[in-house]
Amino acid sequence: MKGQNLNQIAILAQQQLLTNPSPQLLNPLLSLLTNSRNAFFHLYNQMLSHPFSHNHYTFTHALKTCTSHHARSKALEVHAHLVKSGHYLDLFIQNALLHFYLAHHDVVSASRLFRSIPSPDVVSWTSLISGLAKSGFQAQALHAFCSMNAGPDNVKPNAATLVAALNACSSLGALGLGKCIHAYGVRVTVDGNVIFRNAVLDVYAKCGSLKNAENLFDKMFTRDVISWTTLLTGYARGGYCEEAFAVFKRMVLSGEAEPNEATVVTVLTACASTGTLSLGQWVHSYIDSRHDLVVDGNIGNALLNMYVKCGDMKMGFRVFDMIVHKDVISWGTVICGLAMNGYGKQAVELFSRMLVHGVEPDDVTFIGVLCACSHAGLVNEGVMFFKAMRDCYGIVPQMRHYGCMVDMYGRAGLFEEAEAFLGSMPVEAEGPIWGALLQACKVHGNDKMSEWIRGHLKGKNVGGGTLALLSNMYASSERWDDANKVRKSMRGTGLKKVAGCSWVEHRLDSNLCVA
């Protein structure tokens, strides 16, 4: 609201206070000032000073304004005044207070307040369940939901209550309870509510029950963009990326709902996961056909990631140049892409450009630049970047950072440095790190280091690929007994080497080839 209008309302309120300070006339004026904290509370305080110019609606307006402006101290003041004036006993007021505390994730105060309500209604219960779930207390939210109709009041949940409980089920992966709530919703005829059905769809999708999700989706009379995006996301998270793209294409061609940013980002991520460039290009052409979808921000980064993961660095750079607001994700994606596609020196140069532009790298960016140094043989630069990450940027190295360093030393044939680095690590090296070093031993023919690694792997929980590599190295040296021992230990623990696979594309179709 413009300042001129605020002044007019304030003047009108002052006149009303002088001539006829009735809450029925003042409360509508007060509600018009909710967007201006100072103007609102100036009038609110004046209304409190007149004993007959306020009622319980005045306090609900005040609590609503406290919530929107995050005015906790003022809300506590209102709460105290309510207790003192006796208005606190009004259930409408109690629900407004409950909403304020839960909106600010003050679960302790909200729970204490809820327990003090003699007969909470469905609004009270729904606020509690929804607020607990949003504050990270999903289990407590579901416990409250199950307690609703167990007490003497026997409060029946409405559609909003069921949606709040279903959201908690989604977060916890509580598929069984989610199904029960779905069945209850069908029984009490809220099943036609699209918000309710979307919440059920989300439970099935997040719990991996994709067949149930698909059946529900097909039976929905009304489907909005949330319905389509939820099903698409469920397929993508479950690794069914071609099915996710099929849902997106069906959505676009049907015209039933228009994909939003979340839909587009999810389908691009699915295309990147399988490396299916042609599908990603189809999505890109769709983005270009929409004037309201801009190649920037989340969409720009997702499109960039898709081209990089599919190995099309030329288009990747073209998209990178189109992104106006380049953030650490934009820079990191190209750096990782260059490293992944064999352009190590260019990745290091781009990292330097990023720093010049004032963008601070994160842990993922450093994985990219360390990987680039490893593949390009830039050992000194890699050591420098690793120290800078830890000492200058305060980033605690994770297992993947350590893996990049060991891989870098191994590729360069610097096995003594690799051994010293492994000894200096504050955590136990995981299987992939030993596998990378074993591969380097195989390339450089370092049998002594292979034996040292074998000694360290005894009794360790490492993957089948690492042990298979060790067995193959023994076999290539005609050390059949040692090779058979490793294979026997793999069979004894049930480990198997996962078969490698490649995606071969032909137009908009793709076929999986397993080695």
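Caption draft 1: Layout of the overall build of the protein chain. Within the protein chain one finds 29 helices and two strands. For the protein chain, the share of sequence-separated contacts (at least 6 apart) that also reach a separation of at least 24 residues comes to 58%. As displayed, the protein chain has an accessible area near 26000 Å², and 55% of this comes from carbon and sulfur atoms.

Caption draft 2: Looking closely at the packing of helix α8 (residues 122–134) against helix α9 (residues 138–147). Put simply, α8 and α9 touch, their axes get as near as 7 Å, and they point 160° apart. Between α8 and α9, the angle is such that the two are roughly antiparallel. Classified by chirality, the crossing of α9 by α8 is left-handed. For the pair α8 and α9, contact is made by Trp 125, Leu 128, Ile 129, Leu 132 and Ala 133 and by Gln 138, Gln 140, Ala 141, Ala 144, Phe 145 and Ser 147, respectively. When its residues are assigned to classes, the contact of α8 with α9 shows eight nonpolar, three polar and no charged.

Caption draft 3: Geometry of the state of the cysteines. Evaluation of the coordinates by the stated rule reveals zero disulfides. Counting only cysteine sulfurs, Cys 271 is the nearest neighbor of Cys 241, a cysteine outside any disulfide, at a range of 8.0 Å. A relative accessible area of 9% means that Cys 241 is categorised as buried.

Caption draft 4: Representation of the packing of helix α5 (residues 72–85) against helix α6 (residues 91–103) in the model. It is the contact of α5 with α6, at a shortest axis distance of 12 Å, that shows an interaxial angle of 155°. One way to sum up the angle between α5 and α6 is to call them roughly antiparallel. The crossing of α5 and α6 is left-handed. Where α5 abuts α6, its residues Arg 72, Ala 75, Leu 76, His 79 and Leu 82 lie against Ile 93, Leu 97, Phe 100 and Tyr 101. For the contact of α5 with α6, the class distribution of residues is seven nonpolar, one polar and one charged.

Caption draft 5: Seen up close, the nonpolar core. With 147 residues, the main nonpolar core has Val 283, Ile 287 and Met 306 as its most contacted residues. Element by element, the count of residues in this core is highest for helix α10 (residues 159–172), at eight residues. With sequence-adjacent residues up to four places away left out, Met 306 is seen in contact with Leu 268, Cys 271, Ala 272, Leu 277, Gly 280 and Gln 281.

Caption draft 6: Main features of the pattern of salt bridges. Evaluated as defined, the whole model comprises nine salt bridges. Here Asp 292 and Arg 290 are joined by a salt bridge, their closest N and O atoms 2.8 Å apart. Classification of Arg 290 by relative accessible area gives buried; the value is 9%. As a salt-bridge pair, Arg 390 and Asp 391 come within 3.4 Å of each other at their nearest N and O atoms. Relative accessible area serves as the criterion here: at 39%, Arg 390 is assigned to the partly exposed category. Via salt bridges that share partners, Glu 258, Arg 290 and Asp 292 belong to a single interconnected network.

Caption draft 7: Fine view of the environment of Gly 185. Within the element layout of this structure, Gly 185 appears in helix α11 (residues 175–187). Separated by 23 residues in sequence, Gly 185 and Leu 162 place their C-alpha atoms 7.6 Å apart. Leave out the neighbours within four places in its chain, and Gly 185 touches Leu 162, Val 190, Asp 191 and Phe 196.

Caption draft 8: Inspection of unusual backbone geometry at higher detail. Of note in the backbone geometry, His 70 takes a positive phi value of approximately 55° without being a glycine. Within the secondary structure layout, His 70 lies in the loop between α4 (56–68) and α5. The phi angle at His 105 is positive, at roughly 60°, despite the residue not being glycine. Relative to the assigned elements, His 105 resides in the loop between α6 and α7 (107–116).

Caption draft 9: Molecular detail of the environment of Lys 179. Assignment of secondary structure puts Lys 179 in helix α11. Overall, Lys 179 belongs to the partly exposed group, its relative accessible area being 38%. For the pair Lys 179 and Val 200, spaced 21 residues apart in the sequence, the C-alpha separation amounts to 8.0 Å.

Caption draft 10: Spatial organisation of α4. A rise of 1.5 Å per residue sets the reference length of α4, with its 13 residues, at 18 Å; its end C-alpha atoms lie 19 Å apart and thus fit the reference within 8%. Taken together, the buried positions of α4 are Thr 58, Phe 59, Thr 60, Ala 62, Leu 63, Thr 65, Cys 66 and Thr 67. The opening residue of α4 is Asn 55, an N-cap whose side-chain oxygen sits 3.1 Å from the backbone nitrogen of Tyr 57.

Caption draft 11: Looking closely at the packing of aromatic side chains. Applying the stated criterion to the full structure yields 20 aromatic pairs. Among the aromatic residues, those joined into a cluster by ring pairs are Phe 40, Phe 41, Tyr 44 and Phe 59. Just above the ring of Phe 217 sits the side chain of Arg 223; from NZ or CZ to the centre is 4.4 Å. Lying over the aromatic face of Phe 320, Lys 326 brings its terminal NZ or CZ to 5.0 Å of the ring centre.

Caption draft 12: Inspection of α8 at higher detail. With 13 residues, α8 should reach 18 Å at 1.5 Å per residue; the first-to-last C-alpha distance of 18 Å fits that figure. Burial runs high along α8: ten of the 13 residues are buried. Along α8, the residues classified as buried are Ser 124, Trp 125, Thr 126, Ser 127, Leu 128, Ile 129, Ser 130, Gly 131, Leu 132 and Ala 133. On its buried face, α8 is in contact with α6, α7, α9 and α10. Here α8 starts with a cap whose side-chain oxygen sits 3.2 Å from the backbone nitrogen of Val 123, and that cap is Asp 121. One or two steps after α8, the chain reaches Gly 136, where phi turns positive at roughly 95°.

Caption draft 13: Here's a closer look at the side chain of Asp 106. Mapped onto the elements of the fold, Asp 106 is located in the loop between α6 and α7. For Asp 106, a relative accessible area of 13% corresponds to the buried category. In this structure Asp 106 touches Arg 72 and Tyr 101, once residues within four positions along its chain are discounted.

Calculation criteria
- Residues numbered from 1 in each chain as written.
- Predicted model: local features only at pLDDT ≥ 70, side-chain atom pairs only at ≥ 80, totals over all residues.
- Heavy atoms only, no water.
- Helix = DSSP H or I, 4+ residues; strand = E, 2+ residues; numbered from the N terminus.
- Contact = heavy atoms within 4.5 Å.
- Areas by Shrake-Rupley, 256 points an atom, 1.4 Å probe, with all protein chains shown as cover.
- Axes fitted to C-alpha atoms, helices over the stretch in contact; angles between N-to-C directions.
- Parallel < 35°, antiparallel > 145°, perpendicular 65-115°, else oblique.
- Left-handed = near helix turned anticlockwise from the far one by under 90°.
- Nonpolar A, V, L, I, M, F, W, Y, C, P; charged D, E, K, R; others polar.
- Disulfide = S-S within 2.5 Å.
- Buried < 20%, exposed > 50% of the residue type's maximum accessible area, 1.4 Å probe, protein only.
- Core = buried A, V, L, I, M, F, W, Y, C linked by side-chain atoms within 4.5 Å.
- Salt bridge = Lys/Arg side-chain N within 4 Å of Asp/Glu carboxyl O.
- Expected span 1.5 Å × (residues − 1).
- Polar contact = N/O pair within 3.5 Å; in protein donor to acceptor, adjacent residues only side chain to side chain.
- Phe/Tyr/Trp six-rings, centres within 6.5 Å; stacked < 30°, edge-to-face > 60°.
- Lys NZ or Arg CZ within 6 Å of the ring centre and 35° of its normal.

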